[in-house]
Protein chains: 2
Amino acid sequence: MTTPSSLDSLIEALRCLPGVGPKSAQRMAYHLMQHDRAGAHRLAGSLQLALTALRHCQRCNTFTESDICSRCLSTKRDPSLLCVVETPVDMNMLEQTHAYSGLYYVLMGRVSPLDGIGPAELHLERLLARACDGVVREVIIATNYTNEGEATAHYLCEMLRSRGVSVSRIARGVPVGGELEYVDAGTLAQALRERRPLAG
Amino acid sequence: MTTPSSLDSLIEALRCLPGVGPKSAQRMAYHLMQHDRAGAHRLAGSLQLALTALRHCQRCNTFTESDICSRCLSTKRDPSLLCVVETPVDMNMLEQTHAYSGLYYVLMGRVSPLDGIGPAELHLERLLARACDGVVREVIIATNYTNEGEATAHYLCEMLRSRGVSVSRIARGVPVGGELEYVDAGTLAQALRERRPLAG
């Protein structure tokens, strides 16, 4: 009887946003309905558009609106370098350093046994085919320096090495336990420059 | 060239949410597209529905899906008490104390000269007509204890007093400078119980 159901639904729906609890969701819903209906309208439209337009690049997995993303199609990038990251956000972070001009492969995840994600769930055969295509000279592993990211890096290294692919890892300039998304561009650029060959 | 335009638009659109800056908006957008497309779909639908369904109650101004909200229509509320609040959220906060069973009038704003909101912009003639309808015995002013809320309370008191309406103010149990939305229900219930007649 107290809150209209459409307002209740909106408050509930806003909680799908990361970091938004019941109190924030209530504030957001009332703010939108009271002060920013135009913003709410734009947001609804943008969500619909993104859901319709965005898909995964068939080469690197990142978000794109075409079959192959503009970065993979670019002739200005060095195709002999392939950088492996966990998520599209991590890829963006590396791009913002302006310290890398090779291509990317986005895992869209990490090896995480506790969540039931093993190497099989990451569809690594596509990465393997890419790394062995004769164009790639070096695979740079830029997964996070968390336990899962390290496990993923270790697994990738073993897998690629056994096929004779040259593998490196971004330097441990990234704070241990930290995630790429929260590191400043300078530190990240350094870590990229100081990448080291992985010991066998 | 780097981020697809629909993703850029979504990040930009998310910034209409209060407290969401560029970094949070980016995290939210990627999270939705990567991990919670169902949630994004629900959110878009809820926004559309709320924009279509929600309007203002013709009696108290709060959000409702009908002409008159269920609270104004209820026969269980005491129509001789009229509580004036700034926003629908403030009304909800008072309801959650279960210490009040009268009716409400939501100003949908406050007197705020710096923002160009004077008494005229708040359409107080409707509140005045309501307070003088012969049913209301007491108007309880529950605007925030901020400068603007106090100025609003002062103005309302003068206006209602001059028409012979009995006016009270919720007790200053609410921290000075604080806003109703962030006060615990116990403090708020106390402030409601200890309301005092306004000195002339």
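Residue numbering note: each chain is counted from 1, following its sequence as written. The lettering of chains begins at A and the numbering of ligands begins at 1, in the order of writing. Owing to the predicted nature of the model, reporting of local features is limited to residues with pLDDT of at least 70; listing and counting of side-chain atom pairs is limited to 80 or more, with chain, interface and lining totals taken over all residues. Neither water nor hydrogens contribute to the side-chain values; these are computed over all heavy atoms in the structure.

A.B. asks: Talk me through the overall build of chain A; I want residue IDs and the actual numbers.
C.D. replies: For the purposes of this entry, the term helix denotes a DSSP run of H or I that reaches at least four residues, the term strand denotes a run of E that reaches at least two, and both are numbered from the N terminus. When its secondary structure is counted, chain A shows eight helices and seven strands. If one aligns the C-alpha atoms of chain A with their principal axes, the spans along those axes are about 65 × 35 × 35 Å. Taken over 200 residues, chain A has a buried fraction of 55%. Any two residues whose heavy atoms approach within 4.5 Å at even a single point are treated as in contact. Contacts spanning at least 24 positions in sequence make up 57% of the contacts within chain A whose residues lie at least 6 apart. For chain A, the computed accessible surface area is about 9,100 Å², with 52% contributed by carbon and sulfur atoms. Residues scored as positive are Lys and Arg, those scored as negative are Asp and Glu, and His as well as the terminal groups of each chain are ignored. Charge positions are represented by NZ for Lys, CZ for Arg, CG for Asp and CD for Glu. For chain A, the distance from the average position of its 21 positive side-chain charges to the average position of its 21 negative side-chain charges is 4 Å. Summary of the burial criterion: residues with accessible area below 20% of their type's maximum are buried, those above 50% are exposed, and those between are partly exposed, where the area comes from a 1.4 Å probe applied to protein chains only. Reported accessibility uses the Shrake-Rupley method at a 1.4 Å probe radius. Residues are deemed covered only where the shown protein chains occlude them.

A.B. asks: Go over the confidence of the model for chain A with me, naming the residues and quoting the values.
C.D. replies: Residue-level confidence of the predictor is what pLDDT reports, using numbers from 0 through 100. In this model, chain A carries a mean pLDDT of 88, and residues with pLDDT of at least 70 account for 96%. Here strand S7 (residues 196–197) of chain A is the element of chain A with the lowest mean pLDDT, 68, and helix H3 (residues 37–53) of chain A is the one with the highest, 96.

A.B. asks: Can you lay out helix H2 (residues 22–35) of chain B for me, pointing to particular residues and giving the numbers?
C.D. replies: For the α-helix, the turn length of 3.6 residues means that residues three or four positions removed from each other point alike. The length a helix should cover is 1.5 Å for every residue beyond the first. Over its 14 residues, H2 of chain B runs 20 Å from end to end, which matches the ideal 20 Å to within 8%, given 1.5 Å per residue. For H2 of chain B, the complete set of buried residues consists of Ala 25, Gln 26, Met 28, Ala 29, Tyr 30, Leu 32, Met 33 and Gln 34 of chain B.

A.B. asks: Explain the packing of helix H6 (residues 124–131) of chain A against helix H7 (residues 147–161) of chain A residue by residue, including any values.
C.D. replies: Residue and element names in this part refer to chain A. Geometry is summarised by axes, namely lines fitted to C-alpha atoms with helices restricted to the contacting stretch, and by angles between N-to-C directions that run from 0 to 180 degrees. Relative to each other, H6 and H7 sit at 45°, their axes nearing to 11 Å. With respect to H7, the axis of H6 lies oblique. Between H6 and H7 lies a crossing whose hand is right-handed. Note on element contacts: H7 touches H6 through Tyr 155, Leu 156, Met 159 and Leu 160, opposite Leu 124, Leu 127, Leu 128 and Ala 131. Across the contact of H6 with H7, the residue classes tally to eight nonpolar, no polar and no charged. Note on angle classes: values under 35 degrees are labelled roughly parallel, values over 145 roughly antiparallel, values of 65 to 115 roughly perpendicular, and the remainder oblique. Crossing handedness: left-handed means the near helix sits turned counterclockwise from the far one by under a right angle, and right-handed means the same turn made clockwise. Note that Gly is not counted as nonpolar here; it falls among the polar residues with everything else outside the nonpolar set of Ala, Val, Leu, Ile, Met, Phe, Trp, Tyr, Cys and Pro and the charged set of Asp, Glu, Lys and Arg.

A.B. asks: Explain the packing of aromatic side chains residue by residue, including any values.
C.D. replies: Two aromatic rings are characterised by how far apart their centres lie and by the angle between their planes. Residue and element names in this part refer to chain A. Aromatic pairing here means that ring centres of Phe, Tyr or Trp (its six-membered ring) are within 6.5 Å. Orientation follows from the plane angle: under 30 degrees is stacked, over 60 is edge-to-face, and everything else is tilted. The full count for this structure, using the stated rule, is four aromatic pairs over all chains. Judged by centre distance (5.2 Å) and plane angle (65°), the ring pair of Tyr 100 and Tyr 104 falls under edge-to-face. The buried category is assigned to Tyr 104, whose relative accessible area is 1%. The ring centre of Tyr 145 lies 4.1 Å from the NZ or CZ of Arg 169, which sits over that ring. Our definition puts a charge over a ring when NZ of Lys or CZ of Arg is within 6 Å of the ring centre and also within 35 degrees of the ring normal.

A.B. asks: Can you lay out the relation of the copies chain B and chain A for me, pointing to particular residues and giving the numbers?
C.D. replies: Least-squares superposition of the copies uses the C-alpha atoms of those residues scoring a pLDDT of at least 70 in each of them. Between chain B and chain A, the superposition needs a rotation of 180° and an axial shift of 0.0 Å, giving an RMSD of 0.1 Å. On this basis, the relationship between the two copies can be described by a two-fold rotation axis. Considering only C-alpha atoms, the residue of chain B closest to the rotation axis is Ala 44 of chain B, which sits at 2.2 Å. Taken as a fraction of all interface residues of chain B, those also at the interface in chain A reach 98%, which identifies the copy contact as same-surface.

A.B. asks: For the pattern of salt bridges, give the residues involved together with the corresponding values.
C.D. replies: Residue and element names in this part refer to chain A. By definition, a salt bridge exists where a carboxyl oxygen of Asp or Glu is found within 4 Å of a side-chain nitrogen of Lys or Arg. Per the counting criterion, the structure on display carries ten salt bridges over all chains. Here Glu 95 and Arg 71 are joined by a salt bridge, their closest N and O atoms 3.4 Å apart. With Glu 95 in helix H5 (residues 88–96) and Arg 71 in helix H4 (residues 70–73), this residue pair connects regions lying 24 residues apart in the sequence. Each of the two residues, Glu 95 as well as Arg 71, counts as buried. Look at the salt bridges and you will find they share partners, linking Arg 71, Arg 77 and Glu 95 into a network.

A.B. asks: Describe unusual backbone geometry, with residues and values.
C.D. replies: All names here are of chain B. In the Ramachandran plot, Asn 61 falls in the positive-phi region, its phi being about 80° despite a non-glycine side chain. Tracing the backbone shows Asn 61 in the loop between strand S1 (55–56) and strand S2 (63–64). Residue class for Asn 61 comes out buried when judged on its relative accessible area of 9%. A positive phi angle, near 50°, is found at His 123, a position not held by glycine. For His 123, the position within the fold is in the loop between strand S4 (102–106) and helix H6 (124–131).

A.B. asks: Explain the interface of chain B and chain A to me, using residue names and the numbers behind them.
C.D. replies: Each partner contributes to the interface: chain B provides 56 residues, whereas chain A provides 55 residues. Computed with a 1.4 Å rolling probe, the buried area is the accessible surface lost when two parts are put together, summed over both parts. Buried surface at the junction of chain B and chain A, summed over both partners, amounts to about 5,400 Å²; 66% is from carbon and sulfur atoms. Taken together, chain B and chain A are joined by zero salt bridges. Polar contacts, as counted here, are pairs of nitrogen or oxygen atoms within 3.5 Å of one another; within protein the pair requires one atom able to donate a hydrogen and one able to accept it, and residues that are adjacent in sequence qualify only if both atoms are side-chain atoms. Across the chain B-chain A interface, the total number found is ten residue pairs in polar contact (both at pLDDT 80 or more). Of all the secondary-structure elements, those providing two or more residues to the side of chain B that touches chain A are helix H1 (5–14), H2, helix H3 (37–53), S2, helix H4 (70–73) and helix H5 (88–95) of chain B.

A.B. asks: Describe the pairing of strand S3 (residues 78–85) of chain A, naming the residues involved and giving the relevant values.
C.D. replies: All names here are of chain A. Within S3, six of the eight residues are buried, leaving the element largely enclosed by the surrounding structure. With five bridges connecting them, S3 and strand S4 (residues 102–106) associate as parallel partners. Along S4, the bridge assignment pairs Asp 78 with Gly 102. Following the chain from S3 across H5 to the adjacent parallel S4, one finds a crossover that is right-handed. Bridging between S3 and strand S5 (residues 138–141) involves four bridges; their strand directions are parallel. Two strands are said to pair when DSSP picks up at least two bridges between them. The handedness of a crossover follows from its direction of travel: if, with the strands pointing away from the viewer, the path from the first strand over the helix to the second runs clockwise, the crossover is right-handed.

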